[in-house]
Amino acid sequence: MKFSGRWLRKLVDFQYSDHELAHKLTMAGLEVENLVSVAPFFDKVVVAHVISIQKHPDADRLNVCKVDAGDQSRELLQIVCGAQNVREGMKVACALVGAKLPELEIRRGKIRGVDSFGMLCSAKELGLASDTDGLLELSDEATTGMDLREYLLLDDYIFTLKLTPNRADCLGMFGIAREVAAITECELVLPAITRIDPAIEDVLQIRVEEPESCPLYCGRIIKNVAINTNTKIPLWMSQRLERSGLRLINPVVDTINYVMLEIGQPMHAFDLARIGSGAKGDICVRYARESEKLLLLNGEELALQKDMLVIADDNKPLALAGIMGGSESGVTEATTDIFLESAYFSPAVISGKSFKLGFTSDSAHRFERGVDFSITRSAIERATALIQDICGGSVGPVAEIKHQLPERIAVMVRPRRVTKILGIELGIKQISACFQRLQFSYSVTEDIFYVVPPASRFDLVIEEDFIEEIARVYGYDLIPAQLSRAPVRMLAEPETKASPIKRLHQILISRDYQEVINYTFVDAQWESDLSENNDPIRLKNPIASHMGVMRSNLFGGLINNLQFNLNRKQSRVRIFEIGSCFGRKGTEEQEAEYLAALCSGSVYPEQWNMPSRNIDFYDVKMDVESLFWPRSLEFEPTIHPALHPGKSARILLNGKSVGWIGELHPRWQEKYHLSQSAVLFELLAEALATELLPRMRSLSKFPPVRRDIAVVVENNVNVANLLAAMNMEKDRSVSEISLFDLYSGEKLAQGKKSLAFRVLLQDSEKTLTDQEIEQSVQRLINALGRKFGATLRS
């Protein structure tokens, strides 16, 4: 919302500077986003009257002008001017000798041998416009010799408010003025609005077929209005409109735009001759019908939909209700009779239509937030009076159709609740003073306030809303900052619960990974390819067509990162991401946090003392195990849509699945144009959030003993299963069992492999005897033979 500071001072008698007022508004919750001067500094520029013009004797494109600058000069000034639009009798802006303009200083001089005592100025030279064509032409009514800054009211600032959607009441000057009066405790001086007595009896019959969508509709005919080039709105009105960011169109449209800015009520004017059969037609408020079209004022032909409320006559739609009028029924210079509309449309009917249509309007911006329905009739009276003053015309009676308007229900406000929320104690008188400054209607019963929200404030619904209003008017800066006095106790935290994020970052970065952050919105094709998810969670309003669904895993973003790096000749990539993934469980959407990583290229950076080799499954498996250390993981071969079927595994912790690991499927490597493969893993972050509680034990004083076991088993026997079987059968003297060799070749039968395990034995209380050692080792061998048919390799 943009407005002129001078306009505001006409409505509220405050003594603060514009910058001081901007600070007060911001502190009261109406953020002043920008405050700029209407014009840059310049002086000694006056209104001048061009008396005569002669051609320059030495230049075809220059004129020698005799100019009356009023009391500033005792005689006519001679000024050489090259503007094409200069003419005798016009009023112009004249910079006198010694004047300082934004980019130059005026001095007496000669132009092609002719003395010049000043300069006739364009709007660009005065800093009033970025581009201009010729001199700044002023009204014939301008007083000769008057200071231009005073005449054009240039000592003014333009406020730009960054209003939140709940403050629709401040989309009009009356609402802003009420706020300023409440904040500053100054007198509010709003113009009186009186009803205009009709001079003619002409009316249009109004039918409202959708009373819930349009509870109040007012209309009036005004005949014989003068809308032509000779009819102009007053200078003060045009200045207020332009400084509010609206362009001038014609006197009638400019006037109703002015009323919208002043009161906050959007209005529309129809050409009466284009409604049905003129004064004999009807106005109908209804929803659009099938196949109806409407050419709007912005030039767009709209195929109307059934949920669009329209203003129509007996034959066709005339306007899109609350949003924009139709071009065919719009007011032009040829219009002589108009039908003036002022209505209240339900916010629910207008809300969302601008986004759906792809454009908005000042009317839609206001109606979808809620317009004060108590001023609908006042707005049409105010517009009528202004139109009569500017364009003349004969006024008909107001036709008003009223149905059930929004009910304003009194809300209970308890002083004790005010004290509890604000932290300060305000008495009955102080709270009453705040409500009076806000012009709220209220009553007090047993020290409890019952406040009726005004029709302009749709945001005041519950008790806390009114307490916020008290805080705004009282002054946020007057509420002292107090430290909390509530007792605070630390909650018990299990020692096994870790704070994984920081620790995981440290581990992965120390292992030469770099973190990436990707969007949670991804391409639906990624979900289909990498997760076989053909029914992902879709976004209603995606920011791009290729970001239309929520990701169910992190692989897509990492593969995209790899592609980006490979395209830029970065062949060694080690990246990880910690982020949320989304899926469905039945009919409910669920969110879970995951950690995923991708490795591609060589294991180590290129160097002289180590042969180069590409990273493989087991290199990445080691990184995964380091994240869970000292807990042990199991890796179960299985198939994942994104991974190579023979080089992928499910990661198990205590028998529960916590993630996946594997090489990227060759199909996706080809589809996504990757010049080299990659190894990926994905882990459930929740599984990393717990860790083993360390337990102290004394170190053995006795030396360990090592025994090696080499067994022959079938090729399909899993090493993890062998280790698990031995760990279950071992006695307390066995401290460690690990694989150190794998062999398969000619010396073994077909389909067989040899596995060599290292067994460490140690007792904390004594030195183990040979007999005890052999018994412990034989127990392990027997377990392998019994469960897997393993035999000792000879």
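Residues numbered from 1 in each chain as written. Predicted model: local features only at pLDDT ≥ 70, side-chain atom pairs only at ≥ 80, totals over all residues. Heavy atoms only, no water.

## Examining the sheet that holds strand E20 (residues 309-312)
Read across the open sheet, the 5 strands follow the order E14-E17-E20-E21-E22; overall the sheet is mixed. Looking at which strands have only one partner, the edges of the open sheet turn out to be strand E14 (205-208) and strand E22 (324-325). Inspection of the sheet shows E14 paired to strand E17 (residues 282-287) by 4 bridges, in the parallel sense. Each residue of the ladder has a partner; that of Gln205, found in E17, is Asp282. (Pairing = 2+ DSSP bridges. Helix = DSSP H or I, 4+ residues; strand = E, 2+ residues; numbered from the N terminus.)

## Topic: the pairing of strand E36 (residues 656-664)
As paired strands, strand E35 (residues 643-653) and E36 are joined by 7 bridges and run antiparallel to one another. Each bridged residue has a counterpart across the sheet, and for Ile651 the counterpart in E36 is Gly659. Counted between consecutive antiparallel strands, the loop separating E35 from E36 contains 2 residues, among which Asn654 sits at a positive phi close to 55°. With 5 bridges joining them, E36 and strand E37 (residues 679-684) adopt antiparallel strand pairing. Note that in E37 the partner of Trp660 across the bridge is Glu682.

## Points about helix H19 (residues 719-729)
All buried positions along H19 are accounted for by Leu722, Ala725, Met726 and Glu729. All buried residues of H19 project into a common sector of 95° when viewed along the axis, lining one side. Buried residues along H19 sit against strand E39 (734-743), strand E40 (752-761) and helix H20 (770-788). For H19, the N-terminal capping position is held by Asn718, with its side-chain oxygen 2.8 Å away from the main-chain nitrogen of Ala720. (Buried < 20%, exposed > 50% of the residue type's maximum accessible area, 1.4 Å probe, protein only. Arc of directions from axis to C-beta. Contact = heavy atoms within 4.5 Å. Polar contact = N/O pair within 3.5 Å; in protein donor to acceptor, adjacent residues only side chain to side chain.)

## Overview of the environment of His403
Looking at the element boundaries, His403 is found in the loop between strand E25 (399-402) and strand E26 (411-413). On the basis of relative accessible area, His403 is assigned to the partly exposed category, the value being 33%. Residues His403 and Tyr217 lie 186 residues apart in sequence; the distance between their C-alpha atoms is 9.1 Å. The contacts of His403, once residues within four sequence positions are left out, are Val208, Pro211, Cys214 and Pro215.

## Focus on the pairing of strand E38 (residues 705-714)
Alignment of E38 against E40, held across 10 bridges, turns out to be antiparallel. Bridge assignment links Ile709 to a residue of E40, and that residue is Phe757.

## What to know about the packing of helix H2 (residues 18-27) against helix H4 (residues 173-184)
When two helices pack together, their arrangement is given by the angle between their axes and by how far apart the axes lie. Where H2 meets H4, the axes come as close as 11 Å, and the angle between the chain directions of the two elements is 90°. Considering their axes alone, H2 and H4 lie roughly perpendicular with respect to each other. Of the residues in H4, those in contact with Leu21, Lys24 and Leu25 of H2 are Val180, Ile183 and Thr184. Residues of the contact of H2 with H4, tallied by class, amount to 4 nonpolar, 1 polar and 1 charged. (Axes fitted to C-alpha atoms, helices over the stretch in contact; angles between N-to-C directions. Parallel < 35°, antiparallel > 145°, perpendicular 65-115°, else oblique. Nonpolar A, V, L, I, M, F, W, Y, C, P; charged D, E, K, R; others polar.)

## Regarding the side chain of Arg472
Of note, Arg472 is situated in helix H13 (residues 463-474). For Arg472, a relative accessible area of 6% puts it in the buried group. Those residues in contact with Arg472 that lie beyond four places of it in its chain are Ala28, Arg167, Glu179, Leu438 and Arg457.

## Topic: H13
For H13, built from 12 residues, the straight-helix expectation of 16 Å at 1.5 Å per residue is met to within 8% by its first-to-last C-alpha distance of 17 Å. Those residues of H13 that sit buried are Glu463, Asp465, Phe466, Ile467, Glu469, Ile470, Ala471, Arg472 and Val473. Summarising the contacts, the buried residues of H13 are in contact with H4, E26, helix H11 (415-422), helix H12 (428-437) and strand E28 (448-452). After H13 finishes, the residue Gly475 shows a positive phi value of roughly 115°. (Expected span 1.5 Å × (residues − 1).)

## What about the packing of aromatic side chains?
Aromatic ring pairs: the centre-centre distance and the angle between the two ring planes describe each pair. Taken as a whole, this structure holds 16 aromatic pairs when the rule is applied. Judged by centre distance (5.5 Å) and plane angle (75°), the rings of Phe435 and Phe449 are edge-to-face. Here Phe449 lies in strand E28 and Phe435 lies in helix H12, a separation of 14 residues in the sequence. A residue is classified by how much of its surface remains accessible, and Phe435, at 0% relative accessible area, is buried. Since its relative accessible area comes to 0%, Phe449 is described here as buried. Taken together through their ring pairs, the aromatic side chains of Phe435, Phe440, Tyr442, Phe449 and Phe466 make up a single cluster. The ring of Phe564 carries Arg568 above its face, with NZ or CZ at 3.6 Å from the centroid. Its end group placed over the ring of Tyr513, Arg574 keeps NZ or CZ at 4.6 Å from the ring centre. (Phe/Tyr/Trp six-rings, centres within 6.5 Å; stacked < 30°, edge-to-face > 60°. Lys NZ or Arg CZ within 6 Å of the ring centre and 35° of its normal.)

## With respect to the sheet that holds E26
Strand order in the open sheet formed by 3 strands is E26-E28-E27, and the pairing between neighbours is antiparallel. Lying at the two open borders of the sheet, with one neighbouring strand each, are E26 and strand E27 (441-445). For this sheet, the mean inter-axis angle between neighbouring strands, taken without regard to orientation, is 30°. Relative to E28, E27 runs antiparallel, the two sharing 5 bridges. For Val444, the partnering residue across the bridge sits in E28 and is Phe449.

## A short note on the nonpolar core
Residues Leu8, Ile176 and Leu340 are the most contacted members of the largest nonpolar core, which totals 62 residues. The next biggest cluster of nonpolar side chains, apart from the first, holds 38 residues, and it includes Ile221, Phe270, Leu318 and Leu320. (Core = buried A, V, L, I, M, F, W, Y, C linked by side-chain atoms within 4.5 Å.)

## Some remarks on the layout of surface pockets
As a volume, the largest pocket reaches approximately 1,700 Å³. Lys621, Glu625, Leu633, Phe635 and Ala720 are, among the 42 residues lining the largest pocket, the residues nearest its centre. Sorting the residues of the lining of the largest pocket by element identifies helix H17 (617-628), strand E34 (634-637), E35, H19, E39 and E40 as the ones contributing at least two each. Here the element with the most residues in the lining of the largest pocket is E35; it accounts for 7 residues. For the lining of the largest pocket, the per-class residue count stands at 21 nonpolar, 10 polar and 11 charged. Put simply, the second largest pocket is a space of about 1,400 Å³. Forming the walls of the second largest pocket are 40 residues, and the residues nearest its centre are Glu137, Leu235, Ser238, Glu242 and Leu248. (1 Å grid on protein atoms, 1.4 Å probe; cavity = no way out; pocket = protein on both sides within 12 Å on 5 of 7 lines; lining within 4 Å. Points joined across faces, edges and corners; volume = space filled by probe spheres on them.)

## Describing empty space enclosed by the protein
Inspection of every chain in the model, using the stated rule, returns 3 cavities of 30 Å³ or more. The space that makes up the largest cavity amounts to roughly 130 Å³. Lining the largest cavity are 15 residues, and of these Asp169, Ile263, Gly264, Asp372 and Ile375 sit closest to its centre. For the lining of the largest cavity, the class distribution of residues is 6 nonpolar, 5 polar and 4 charged. Here the second largest cavity is characterised by a volume of approximately 50 Å³. Along the walls of the second largest cavity sit Met308, Leu309, Leu320, Ala321, Ile323, Val349, Ile350, Lys353 and Leu357, which together make up its complete lining. Elements with a contribution of two residues or more to the lining of the second largest cavity: helix H7 (347-350) and helix H8 (353-357). For the lining of the second largest cavity, the per-class residue count stands at 8 nonpolar, no polar and 1 charged.

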